[in-house]
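# Inside the fold
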Amino acid sequence: DAGITQSPRHKVTETGTPVTLRCHQTENHRYMYWYRQDPGHGLRLIHYSYGVKDTDKGEVSDGYSVSRSKTEDFLLTLESATSSQTSVYFCAISVLGLAGGPVVGELFFGEGSRLTVL
Amino acid sequence: DAKTTQPTSMDCAEGRAANLPCNHSTISGNEYVYWYRQIHSQGPQYIIHGLKNNETNEMASLIITEDRKSSTLILPHATLRDTAVYYCIVGGANSKLTFGKGITLSVRP
């Protein structure tokens, strides 16, 4: 358990409303990620962060923004939710290890946040 | 990052070894092979990773071919609880990992 909590775990909202999902970690890991998972598509990376105020886009970033104002929290915001953003959202953190060479990371995932946009 | 190709699904009998193949013919020299699995609707779980050499941990073994273009994840004694979607991913150290659709392993009694 890497101390990851996501909130809310379930949310139903209407098209056009803003939504913010929160990912909180307790162990000060530098790298954090947001993925979405949809039937037939597997897991797709939305955004990731490699430090406070340092973020970058993933493969499906349109319609999403993120913020990381402190190490422990990584927020995913849907400014104006659409039905196509109905999905399960997973937060992950990267645990770094020293291998005497390149740093190798493994991801620990949260339990997911199920968002339904009506 | 290099792409991977996995069969859509496979099954095996409980207690037998499950051998899950993965092709990654475009892998570059500094890219690792990672395996994750996802049980039902839970978040994915890290299993193992390797660069060149075969690796083993308490969960599984990873066999990487000499040319590194393919690998096999081995669950030595599959149980019903190993039924899951297994993802083979390649990526550089600390790179953002791209998950495909994975392979669905069904362990039958």
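What you are looking at is a predicted structure, and each value in this text was computed from that prediction instead of being measured.

## Quick notes on the sheet that holds strand E8 (residues 73–78) of chain A
Residue and element names in this part refer to chain A. Read from one edge of the open sheet, 4 strands run E1-E3-E8-E7, paired in antiparallel fashion. The open sheet has two edge strands with one neighbour each: strand E1 (4–7) and strand E7 (65–70). In this sheet, neighbouring strand axes are inclined to one another by 20° on average, regardless of whether the strands run parallel or antiparallel. Here 4 bridges tie E7 to E8, and the two strands are oriented antiparallel to one another. Residue pairing in the sheet places Lys 70 in a bridge with Asp 73 of E8.

## Some points on the environment of Gly102(B)
For Gly102(B), the position within the fold is in the loop between strand E8 (84–92) and strand E9 (103–108). Separated by 17 residues in sequence, Gly102(B) and Val85(B) place their C-alpha atoms 5.9 Å apart.

## Considerations on the interface of chain B and chain A
Contact residues are listed per partner, giving 20 residues for chain B and 24 residues for chain A. Where chain B packs against chain A, one counts 0 salt bridges. Where chain B meets chain A, there are 3 residue pairs in polar contact (both at pLDDT 80 or more). Going through the elements one at a time, strand E3 (31–38) and strand E4 (45–50) of chain B are the ones with two or more residues in the side of chain B that touches chain A. Here the element with the most residues in the side of chain B that touches chain A is E3(B); it accounts for 4 residues.

Cut-offs and rules
Residues numbered from 1 in each chain as written. Chains lettered and ligands numbered in written order. Predicted model: local features only at pLDDT ≥ 70, side-chain atom pairs only at ≥ 80, totals over all residues. Heavy atoms only, no water. Pairing = 2+ DSSP bridges. Helix = DSSP H or I, 4+ residues; strand = E, 2+ residues; numbered from the N terminus. Axes fitted to C-alpha atoms, helices over the stretch in contact; angles between N-to-C directions. Contact = heavy atoms within 4.5 Å. Salt bridge = Lys/Arg side-chain N within 4 Å of Asp/Glu carboxyl O. Polar contact = N/O pair within 3.5 Å; in protein donor to acceptor, adjacent residues only side chain to side chain.

Scope: geometric values only; no functional claims are made or implied.
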